[in-house]
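These are the residues of each chain, in order.
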Amino acid sequence: MRVPLLDLKAQYNTIREEIQNTVTDLFESQMFILGAAVKDLEAAVAKYSNVKFAVGVASGTDALLISLMALKTGAGDYVVTTPYTFFATAGSVSRLGATPVFVDIEPDTYNISPERLSECLDHLQPQEKIKAIIPVHLYGQCADMDPILATARRYGVPVIEDAAQAIGSRYKNRVAGSMGDGGCFSFFPSKNLGGFGDGGMVTTDNEELAHMVGILRVHGSEPKYYHKVIGCNSRLDALQAAVLSVKLKYLDSWTEARRKNADYYRRIFREAGLADVIKLPTVREENHHIYNQFVIRVEERDALRDFLTSQEIGTEIYYPVPLHLQECYSTLGYKEGNFPESEKAARETLALPIYAELSTAQQDYIADKITEFYRR
Ligand SMILES: Cc1ncc(COP(=O)(O)O)c(C=O)c1O
């Protein structure tokens, strides 16, 4: 048996005709830049994420970058975030000449620790240079937003949620991307709502922020060819928007299938007596996890991964090097030991296949092979 980490063809097979009809319509219209396709998706995502405004951009990375630009983030500013995330979270800060300041994660959810965040802001000088806080809803589970928002309010600092992996995820019945001042989504193909290429979106209830993001994605122009601010070219492709509008209708059923797969893993790993060797994802009571990734924690992670690869089971390490230890950030002055929980997670975590079309037979095969590895 072969089990890939993700099987996008299996999903495409279920919606092929609808997608092809939509794409053909768009080709016939020859309206490739913004227009109705993008507007419709923006309205649908705003509704889905329970916000007033959603603005399509070229990627999740640009959603972060442009949100920070809209907050006038620049040289000398700080943006506080987690080191245990995809590079884009901090990379977008650095691209604006600002400095990412890292705060360690909670060991059970892998999300930024509200206590450490509060301590960080208490001590970070000068405090007026703190431009934003970016909590990341890692793997599809929301960060502990209430204490994060309380800290942010204490210092008057905006919160930009990195919800790239978390569309539809909920915290105390509030939707990812609706809790901070802005939310940033990615439509990278591996996300629960993935396009046929890159894409992203910024969500917000703040009309001014939405307006600025809308201008910044078209070179800061308003009206056309008149530039009050300097932006970039970062529109969401109409073609991607058309595909995503079709896929959004199925998102909840795909996410439900991922959640069922997660439950099934829990059951078979327990039945296989693996509970002692595998730490399964912790889901906080207040959270609705959308399982963009199903990440286990194990000892001998690299050896297990090599073995599973040899058995044609796809896995991935998200992420092997926490951002404070990345070569490009050596100038920030961090060293090993600064963020022990992030460093430990980077050594021990492993993502297993969780996509909606995964069969129970494939999951049984994975459990068998993990059992074989630990009984060897
Ligand atoms: C947490 C996080 N932030 C930001 C991004 C960037 O999104 P994109 O790849 O669409 O630029 C990703 C995408 O992988 C991500 O996982």
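Residues numbered from 1 in each chain as written. Predicted model: local features only at pLDDT ≥ 70, side-chain atom pairs only at ≥ 80, totals over all residues. Heavy atoms only, no water.

Enquirer: Describe in detail the pairing of strand S13 (residues 349–352), supporting the description with residues and values.
Expert: Neither face of S13 is open: one carries Thr349 and Ala351, the other Leu350 and Leu352, and all of them are buried. Pairing between strand S12 (residues 294–298) and S13: four bridges, direction antiparallel. Residue pairing across strands places Val295 opposite Ala351, the latter belonging to S13. (Buried < 20%, exposed > 50% of the residue type's maximum accessible area, 1.4 Å probe, protein only. Helix = DSSP H or I, 4+ residues; strand = E, 2+ residues; numbered from the N terminus. Pairing = 2+ DSSP bridges.)

Enquirer: Describe the site of the ligand, and please don't skip the residues or the numbers.
Expert: Around the ligand, the surrounding shell holds 16 residues, and the nearest of these are Gly60, Thr61, Asp162, Ser186 and Lys191. Take Thr61: an N or O atom from its side chain is 2.5 Å from an oxygen atom of the ligand. Here an oxygen atom of the ligand sits 2.8 Å away from a polar atom, N or O, in the side chain of Gln165. Taking 390 Å² as the accessible area of the ligand by itself, protein coverage stands at 93%. Given that more than half its atoms are within 2 Å of the pocket grid, the ligand belongs to the largest pocket. Every element with two or more residues in the shell around the ligand is listed here: helix H3 (60–70) and helix H4 (88–95). Looking at the shell around the ligand, the element that brings in the most residues is H3, giving three residues. A class-by-class count of the residues in the shell around the ligand yields six nonpolar, eight polar and two charged. (Near = heavy atom within 4 Å. Polar contact = N/O pair within 3.5 Å; in protein donor to acceptor, adjacent residues only side chain to side chain. Areas by Shrake-Rupley, 256 points an atom, 1.4 Å probe, with all protein chains shown as cover. 1 Å grid on protein atoms, 1.4 Å probe; cavity = no way out; pocket = protein on both sides within 12 Å on 5 of 7 lines; lining within 4 Å. Sits in = over half its atoms within 2 Å of the grid points. Nonpolar A, V, L, I, M, F, W, Y, C, P; charged D, E, K, R; others polar.)

Enquirer: Just give me the short version of the side chain of Gln141, but keep the residues and values in it.
Expert: On the secondary structure map, Gln141 appears in the loop between strand S4 (130–134) and helix H6 (145–155). Taking relative accessible area as the criterion, Gln141 reaches 2% and is therefore assigned buried. A polar contact of 3.0 Å, which involves the side chain of Gln141, links it to the backbone nitrogen of Arg284. When sequence neighbours within four positions are dropped, the list of residues in contact with Gln141 reads Thr109, Asn111, Ser169, Thr282, Val283, Arg284, Asn287 and His289. (Contact = heavy atoms within 4.5 Å.)

Enquirer: Help me get a handle on the pairing of strand S8 (residues 182–186), residues and values and all.
Expert: By the criterion of burial, S8 is predominantly enclosed, with five of the five residues buried. Both faces of S8 are covered, namely the face carrying Gly182, Cys184 and Ser186 and the face carrying Gly183 and Phe185. Two elements, strand S5 (residues 160–162) and S8, share three bridges in a ladder whose sense is parallel. Within S8, the position partnered with Glu161 by the bridge is Gly183. Sheet analysis places S8 next to strand S9 (residues 200–204), joined by four bridges and oriented antiparallel. Paired with Gly183 across the two strands is Thr203, which belongs to S9.

Enquirer: Give a detailed account of the sheet that holds S9, specifying residues and quantitative values.
Expert: Sheet architecture is open: four strands sit in the order S1-S9-S8-S5, paired in mixed fashion. Each of the sheet's edge strands pairs with one partner strand only, and the pair in question is strand S1 (53–57) and S5. On average, each strand axis in the sheet is inclined to that of its neighbour by 20 degrees, with strand direction left out of account. Of the pairings in the sheet, the one linking S1 to S9 comprises five bridges and is antiparallel in character. If you follow Val57 over to S9, its bridge partner there is Gly200. Here helix H7 (residues 207–216) sits on the sheet in contact with S1, S8 and S9, set at roughly 15 degrees to S1. (Axes fitted to C-alpha atoms, helices over the stretch in contact; angles between N-to-C directions.)

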